[in-house]
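So you can see what is in the structure, the chains are spelled out below.
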Amino acid sequence: MDERRQRLYRTEAIVLKRRDYGEADRILTVFTPDFGKLTLLAKGVRKTRSRKAGHVELFTDSTMLVAKGRTWDLVSQAEMIEPFRALHEDLQRTSYAFYIAELLDGFTQERDSHPQIFVLLKETLSRLAASKDEVLPLVARFFDLRLLSLMGYQPQLFQCIECHEPLEPVTNYYSLVDGGVLCPSHGEGRVGAEPLPLPLFKALRFLQTRDWEVVARLDLSDGLQAELERLLQSTLIYHLERNLRSVAFLRTVREG
């Protein structure tokens, strides 16, 4: 009995992705507060009578009892905490959830604990489920910047990354390679640095420094939203070193 208890552990977990395995099983990628990202085997969940099936759906937040295994740890029990039902009932919200899950999966390693990222994930899924349609892009951009910060890639937006002088409210320059913003003197003509229009510059700094409750009240034009998305996704892809499949899916859903 003691040996069996040592093989078991309990954790809260949010399902990021899943794939079918064998005749009735599924392999789950989940994110947890204490163990970070885990790959788990949920045996028999594709059977009609499975008691675990509804508790290990995509984007569902559950408490799981897990048994240590040789190849993958096994989900012994699962009890749903929050299903985030709206993420399954609205295609646009589903596409944003896929985007968040792909980013998190790409930036994190197995069993690398990130409690703050778990909180960010849980709060972001809750916001995606509850926010009005027009606020969903802001939810994603807020997540983008917070994830970059927590992973150690926060762009420098307040001091020139070359001369370290405070940045003035003018057209500065953004450099992916250098990790932030350059003043006009050091950015103009620099290879890989692009002009950063003042409205975009202000929006980035606002998103980086304000709490969500304040950010949620922002009313940005469609053009500025698009520029924010382009710049931040370019930054994420640069650090991730690969493209994001969910971006094309999200774009197709919005255009359709």
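Conventions we followed
Residues numbered from 1 in each chain as written. Predicted model: local features only at pLDDT ≥ 70, side-chain atom pairs only at ≥ 80, totals over all residues. Heavy atoms only, no water. Pairing = 2+ DSSP bridges. Helix = DSSP H or I, 4+ residues; strand = E, 2+ residues; numbered from the N terminus. Axes fitted to C-alpha atoms, helices over the stretch in contact; angles between N-to-C directions. Contact = heavy atoms within 4.5 Å. Salt bridge = Lys/Arg side-chain N within 4 Å of Asp/Glu carboxyl O. Buried < 20%, exposed > 50% of the residue type's maximum accessible area, 1.4 Å probe, protein only.

> What exactly am I supposed to notice about the sheet that holds strand S7 (residues 180-182) here?
Hydrogen bonds between backbone groups are what pair the strands of a sheet, and the pairing can be parallel or antiparallel. Within the open sheet, the three strands sit side by side as S7-S6-S8. Their pairing is antiparallel. Each edge of the open sheet carries a strand with a single partner, namely S7 and strand S8 (193-196). Sheet twist, expressed as the mean angle between neighbouring strand axes with direction ignored, is 40°. Inspection of the sheet shows strand S6 (residues 172-175) paired to S8 by four bridges, in the antiparallel sense. By the bridge assignment for S8, Asn-172 is matched with Leu-196. Against the sheet, helix H7 (residues 198-209) makes contact with S6, S7 and S8, and its axis sits at roughly 95° relative to S8, the strand it touches most.

> Just checking my understanding: could you explain the pattern of salt bridges for this structure?
Between side chains of opposite charge, a pair can form as their charged atoms come close. This structure, assessed with the given rule, holds 20 salt bridges. Where Glu-162 meets Arg-190, a salt bridge forms, and the shortest distance between an N and an O atom there is 3.3 Å. Placement of Glu-162 in the loop between helix H5 (136-150) and S6 and of Arg-190 in the loop between helix H6 (184-187) and S8 is noted, with a sequence separation of 28 residues between them. Judged by relative accessible area, which is 38%, Glu-162 ranks as partly exposed. In this structure, Asp-178 engages Arg-190 in a salt bridge whose closest nitrogen and oxygen atoms are separated by 3.1 Å. In this pair, Asp-178 sits in the loop between S6 and S7 while Arg-190 sits in the loop between H6 and S8, placing the two residues 12 residues apart along the sequence. A single salt-bridge network, built from bridges that share partners, covers Arg-141, Asp-144, Glu-229 and Arg-254.

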